[in-house]
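Structural overview
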Amino acid sequence: MRHCVVTIIMFIFRLKRIDGLRACLPSTSTRRHHHRGGWFPSARYFLHSTHGNGRFRTPMATSLRTLNSYSSSSSSNENGSSKIDSADSYLSQLRAKGLTAEEAESISNALFNPANDGTKRSIINESIDVYISMKKRRTETGGESITNPGFYVRSIVRRQLLETGENNNPSSADPKSENQQVETVMQKLNGTPLPSCLQNNDIGPNELNEKCLIALSRCPNSMADNAIKAYARQKLRRKTNGTDGISNPSSYVMAVLRNIIAESPEFNPSSPMDSPENNGLENTSASVIEEESGGLTENTESPPMKRSATSNFFDSETTTPKPQMNQPQNQQTQSTHVTEGRKDNKTDLKLERATMGSVDECLSCLEKLEQPIIQLSGVGPKTESSFHKLGIYTLRDLLWHFPRSFIDRSKLQKSIHDVSDGDVGTFRLKVHADKARHNSVTCTDEAGNNVDVTFFYGRSRQGMAMVSAAMKNLCKEDIYSMIVSGKVKHSDRKVIGLFNPDIVVPSDQVDSLGIEAVYSLSSGLTQKKLIASVEESLVAAGELLSLLPESISDDALEKLRWPKLADALIIAHKPTSMAESGLDSPARQRIAFEELSMQQAQLALSRWKIKYFGISTDLQSKEVFTSWRDSPLVSAAVSSLPFELTPSQMQCLDDMWDDTVVNKSRMLRLLQGDVGSGKTVLAYLLGLGCIEARQGGGKVVSLLCPTQLLAAQHVRTIKEFASRLQGKSTKSQIQSIHVELLTGNVVGKSRDELLARLESISDSDAVFLIGTHALTTPDIVSRLMQLPSVTSRDNKGLALAVVDEEQRFGVRQRQALTSCSAHSLFMSATPIPRSISLKRSGLMDFTLLESESRKVETTIVSSGDLDKVLTVLGSKIDAGSKCFWVLPRIVRSAADGGNNDSNVMDRYKTLKQILGEERVCHIHGRMSEQEREEQLANFADPSSKAAVLVGTTVIEVGIDIPDSNILIVEDADRFGLSQLHQLRGRIGRAGSRQDLKCQCLLLSSTIDVDQDDSNSLTRLQILQKCNRGAEIADADMLLRGPGDMLGYHQSGMKSGFTVDPAIHWGLLEAATKFGRSFLQEPSKKDAVDGMSEDESRRSPPTNDTLENLLAEGKMTSFYDQTSASTSQGLALRIMMALFGEWKNDESNPLEAINTLQKLDASKGELAQHDQSIHAKIVAFCDGSNTFQIANTSSLETSIGLEEQVLPIKPHVAVLNYQEPKEDRLNLLGDDVMFIVLDVETTGLDDKSCHIIQLAAKVLGSDDEDDLFSEYILPPIDRIPKIIEELTGITDSFLREGGYDTALGKERETARDFRQVYNDFEEFCNKRAKGRQLVFVAHNAKFDIKMINGELRRWRLSEHAESAPVLGEIFSSSLDTLQLFRGRKWTSPPRPSSFSLSNLHSHVFNESATNSHNAVGDIKALERLLLSETFNGWQKAANGIHRPFIK
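Rules behind the numbers
- Each chain carries its own residue numbering, running from 1 in the direction its sequence is written.
- It should be noted that, the model being predicted, local features are given only for residues of pLDDT at least 70 and side-chain atom pairs only at 80 or more, the latter also being counted only at that level, while totals for whole chains, interfaces and linings use all residues.
- Only hydrogens and water are removed before side-chain values are computed, so all heavy atoms of the structure are retained for them.
- At least two bridges found by DSSP between two strands is the condition for calling them paired.
- The secondary structure listing takes helices from DSSP runs of H or I that are at least 4 residues long and strands from runs of E that are at least 2 residues long, numbered from the N terminus.
- Axis angles are defined between N-to-C directions and span 0 to 180 degrees, where every axis is a line fitted to C-alpha atoms and, for a helix, only to the segment in contact.
- Aromatic contacts are taken between Phe, Tyr and Trp rings whose centres are within 6.5 Å, Trp giving its six-membered ring; a plane angle under 30 degrees counts as stacked, one over 60 as edge-to-face, and the others as tilted.
- We call a residue buried when its accessible area falls under 20% of the maximum for its residue type, exposed when it is over 50%, and partly exposed in between, using a 1.4 Å probe and counting protein chains only.
- Put simply, a charge is over a ring when the Lys NZ or the Arg CZ is close to the ring centre, within 6 Å, and near the line of the ring normal, within 35 degrees.
- In a helix, the anticipated span is given by 1.5 Å times the number of residues less one.
- Between Lys or Arg on one side and Asp or Glu on the other, a salt bridge is scored when a side-chain nitrogen of the former is within 4 Å of a carboxyl oxygen of the latter.
- Throughout, a residue-residue contact means that at least one pair of heavy atoms, one from each residue, lies within 4.5 Å.
- Residues adjacent in sequence count toward polar contacts only when both atoms are side-chain atoms; beyond that, a polar contact is any pair of N or O atoms within 3.5 Å, and within protein one must be able to donate a hydrogen and the other to accept it.
- pLDDT runs from 0 to 100 and stands for how confident the predictor is about each residue.

Another point: the sheet that holds strand β19 (residues 882-886). Spatially, β18-β23-β22-β19-β21-β20 is the arrangement adopted by the 6 strands of the open sheet, whose pairing is parallel. Every other strand in the sheet has two partners, leaving β18 (857-862) and β20 (920-923) as the edge strands with one partner each. Taking each pair of neighbouring strands and ignoring which way they run, the sheet shows an average axis angle of 20°. Bridge count for strand β22 (residues 964-969) against strand β23 (residues 999-1004) is 4 bridges, and the pairing is parallel.

What follows covers the packing of aromatic side chains. The description of two aromatic rings rests on the distance between their centres and on the angle between their planes. This model, assessed by the stated rule, comprises 23 aromatic pairs. Aromatic pair Trp400 and Phe402: ring centres 6.5 Å apart, planes at 50°, arrangement tilted. Phe402 carries the same exposure label as Trp400, and that label is buried. The rings of Phe1268, Phe1313, Tyr1317, Phe1320, Phe1323, Phe1335, Trp1354 and Phe1370 are connected pair by pair, giving a single aromatic cluster. Looking at Lys489, its charged tip hangs above the ring of Phe499, at a distance of 5.4 Å from the centre.

The next subject is helix α22 (residues 586-611). Between its first and last C-alpha, α22 extends 37 Å over 26 residues, near the 38 Å set by a 1.5 Å rise per residue. Burial runs high along α22: 21 of the 26 residues are buried.

A separate point is the pattern of salt bridges. Scanning all chains against the criterion turns up 47 salt bridges. One salt bridge in this structure joins Arg396 and Glu370, with 2.4 Å as the shortest N-O distance. Of this pair, Arg396 sits in helix α17 (residues 395-399) while Glu370 sits in the loop between α15 (356-369) and α16 (381-389); the two residues are 26 residues apart in sequence, bridging distant segments of the chain. For Glu370, a relative accessible area of 17% translates into the label buried. A salt bridge links Asp659 to Arg669, with the shortest nitrogen-to-oxygen separation between them at 3.0 Å. In this pair, Asp659 sits in helix α24 (residues 647-662) while Arg669 sits in strand β11 (residues 668-673), placing the two residues 10 residues apart along the sequence. A residue is classified by how much of its surface remains accessible, and Asp659, at 5% relative accessible area, is buried.

This part covers the environment of Leu754. Mapped onto the fold, Leu754 is located in helix α27 (residues 748-759). Residue classification places Leu754 among the buried residues on the basis of a relative accessible area of 3%. With 12 residues separating them along the chain, Leu754 and Leu742 place their C-alpha atoms 8.2 Å apart. If sequence neighbours within four positions are ignored, Leu754 has contacts with Glu740, Leu741, Leu742 and Leu769.

Let us now look at the side chain of Asp1246. As for its position among the elements, Asp1246 is in the loop between β24 (1232-1241) and β25 (1251-1258). A distance of 3.1 Å separates a polar atom in the side chain of Asp1246 from a polar atom in the side chain of Arg1352. Residues within four places of Asp1246 in sequence aside, it is in contact with Lys1345, Met1346, Gly1349, Arg1352 and Arg1353.

Further remarks concern the confidence of the model for the protein chain. For the protein chain, per-residue confidence averages 75 on the pLDDT scale, and residues scoring 70 or more make up 74% of the total. Per-element confidence in the protein chain is highest for β25, whose mean pLDDT is 94, and lowest for helix α45 (residues 1210-1215), whose mean pLDDT is 29. Predicted confidence for residues 1-85 stays below pLDDT 50, and this span has 104 contacts to residues more than four positions away or in other chains. Of the regions scoring below 50 in pLDDT, residues 1081-1100 engages in 30 contacts with residues more than four places distant in sequence or in other chains.

The phi angle at Glu805 is positive, at roughly 50°, despite the residue not being glycine. Examined against the element boundaries, Glu805 turns out to sit in the loop between β15 (800-804) and α29 (811-818). On the basis of relative accessible area, Glu805 is assigned to the buried category, the value being 8%.

This brings us to the pairing of strand β12 (residues 700-704). Among the 5 residues of β12, 5 are classified as buried, and the element is accordingly described as predominantly covered. Taking every second residue as pointing to the same face, both faces of β12 are buried, with Val700, Ser702 and Leu704 on one and Val701 and Leu703 on the other. Of the strand pairs in this sheet, β12 and strand β14 (residues 765-771) are connected by 5 bridges, and their pairing is parallel. Counterpart to Leu704 in the pairing with β14 is Gly771. Both β12 and β15 contribute to a ladder of 4 bridges, which runs parallel. Following the sheet pairing, Leu703 is matched in β15 by Val802.

As structure tokens, then:
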């Protein structure tokens, strides 16, 4: 056979009449290459293949059409000269257009046909011009060249012909009917694999037309099989989803097949389907594939291009032909839009729409940056541990590990005396080799000073060898002048030395010295090793940033004198001058600005999600009152108050009313007002308004208090307000107001009854639920979240959640309560620094309640003057004053050595001796509630002689005794500013005696010591100067730091990776505008919006150049789009991932990326391409083990996500097909309950072994009824002894019963599996209460396998009809073994084993109790999941849990 092929080739070459055919033959080297590969193409294939870049390109229609053209030419003309000349002339014409010989040859082979009429020739010429234009554009933009010009031009021609109707299907005139044609083809295909392949995929014989079957028959078996399976899957998926079927099955199959062929250029189109026989189909044109698929796919004519690592993936790739106009709308593919880009900062931007390949490249670079540090060359476990000590775990951590200082080696010092002791200097030294000793030599600097250069590396053999080598390098025979750089060491001797210099080079190499970075190190690391590692991280970052467009225009960068971001990272680590090395250098400012912009983008997204996402469109009430004055209920409540509202209170109520009742958004607002300013009455009135407007559940308002004293005070106050209101007649639907109290003392039946009352309250009632920290417990929050609504099933929960004294609560506690409420109001006189930051950043709305209060004179007194204080206090009491005396401790502390009497009990005894027992009371947190009430009542009674109340900070809030006018705080430096101001608010309240002066004495020992820079003394001095809570809160933030606005730290400095607040503070305002530009909410775009005039004056300084550029429009924000497929939207997501804190769940940017997608969806229906890109980014960020980055650079859209649209690249459905994902259960949702489960078995095989214990528990519940544990009697003679020893479950225990050590009670005989499982099912269903249950187990696959084994036996028994399945109980399963293995272990370090017992010991440093008993195991697993170590595990579990089949 091979001999015949060679003979044919030689014969063809002898035919001089058709010299033009030589252009169609591949090169000799190409033929040899394929011959070595084990195959040799047929002569027919050689004649009609094009070749470029050393490999075959095989468009089927081109090959056959070209052969027919030349065959007809040679047969119709005996000489053939005219036809040959015509072909040569056509090549010459193409060359005249500026095409290369290879381009002209490729286009000629694809398109030349002497029979073409004028119209077709015109279309061909236009298409060639399009190719030339695209080629020029790619050359200008640095894009890759078109690898197959003929294939590219022919694709444009084909579409033009389809649109003009010139390419009619010649087979349409065939007289045979379609069915007859198909039957004829099927008869010829008998004996080939095609009929059986169609039958196996449930495809009928008449479902595909003749041309489709012919094309399938001429393809390799694997290609045809893949195309048929892709069609079968799509057909089944549409049928399952209830969507319209595929209108033209043959066109769909041909589109898939055509793209498979495009991906397989080595395919020989003339060889039939894995069969040496032609079956009578040898004369069928293979071009039917192209003709039949028509315009269903787009941009597949040119092979997919490989992108260089440095190319910008937003550059334009191709001019896409228009979709077929007569094609159905739902089958038109989206074209790649090419735009000119913006003139300001996107002049290099050509492509508005990113490809899936673009996303893959970015994620691949991010993946490099996220790889563990141990993946670097030369880094082993010991070095990795050294990196971990510095907080470096990945390459990205290295990127942000900037040098702590720099050494300028290039600056030569003439005299060594110019350099201080311990500093580094570089000198040109004249070496006196004759004065050399064994490890030192005396040299002379340029000023003539003697300098001793000494080397010492220890007395070991290696150290001595290093000394010898160093001396030999310094004292060279032919070189007398050396450059030496190192640390200068002064001594008492006249000679100054250089000890172990870092650099010793000849003088002619001085230009090689420059700026050297000095990094912070840990034991086991060297500067050389760290610098090499940083280099690798810079390379990976450079690859990523080269794929992204620069977010600031070149003009703006030039005016700011900033480098591009990629260059800035390099300069920050490797500056070329000392001017580039500081924190205020242009490079560091550029990086800090980008990170600040990303932080502001995340904050803006957080605000949008809180304010607007998920707002119900249902009308909350029949009538919305635009003002509280129009509300029958609230206006009546205001008129019933025992006092009139101040103008400031009315203005505050107006603002909050607009934010809750009028606007269609959620309220998240901080109400800041001094002690006694009337915040509580505003919360009461606003709560009535929210209930009347049916916000949320529409019936209940919660009020969270830090202490029981304050809670009790609020109960009394609101009950008084409500009683006055109920005495008035109103037109409101709300007829009665109830006040409930929930504290830690309300437990058991009382708590259940209280919650039941809330859930069953009538529509005409309103409830104020006042409580302490008990309100934030998970069980209470879950019940409050489900409070039924009056108007809609979608609106549930609280109408308003109020947090009083918000600085006394943690972030999680506040979030727990506000998560189940329509609106949230935080109240404080001195908010926590984090809240001040949220207010200033615009994330939290702000209302300032002004008030007039008595000025309190504050004095700082030395603790040594206690006797004088007592003397003055006695006289004040005699004059009618009352005093609070506050101390930091109840009793003496061992930490103070037991000698400090600054405690409540000691001071109480002292004051009783001095002032008299009846004049002194005391109070502290260890007293019972009754004792506290008695002491407070005695102190508050005007007729009582009690004048001094000694106590702890328990009196900070909730105490209102008007007669008190003196406050003494002992060891005041031990209290915070907020605490001291709150304590000071206990005196000078409304109703106090005006003739008595209000005084606050702060006793502290810090005043006796010269500690001007002490924060403790500074706090006291601030309190002495300031009386307004707002001023004190701002000062407190400056002292303690703003905290983490994206996380849970309420104070401290959380500035990110690259931002130094002291240096980069001036960039914040511009970064706020730049980073939040995608969120069109003008009223909240500026950080200073809503601030008072005083606060505006205290706003941070700005970068004038930046502000001017933004104001003049010369620097517009790049991040102004949210769509994932736009350059801006994709870059925003990638940059948030780059600067994101992945180790920190609370500030993880994944939440922001998801919110960005929700924001985009809120603007309209998301395009499928956007959803696909977003899903890929989220899967990468979520760290799901099932997600892998695939090389899909040729894709424009992912496949199978929207059934109504034909895939742009149907072959991907074949090559990369994955089962369609079901709607995954969101484990972060409120409708989920976790059941922790474990089984004990007689072995590991589900076919021969049995379950002997089944235990389950509701995760996080302390209720004993939420624990299920039953023993099962297996149908075997005896339990294996090894199982008895391992589990402690003996055979006699199962058969006779006994004491259960795991539960501590007696158990009866074990029961049958069916009985136990029925009880277990009832246990789960009772606790579900409409929620979806998740099966949680360690190595869940084993537990599920063993339970299914028992259920399988059940189904095979006589009770088969009652046999259940696990999917009837559980919606999904979670394997914690996979969860823990996939965790990024930092603290504690990764364990050596992931067995449950080892994990428990590793995390808690103690063994689990009742290990290997099912009850002990589920409790150990529960403890792990609820621990701080695994906080936020639900987010990671979202990507790995598996749904049960119902």
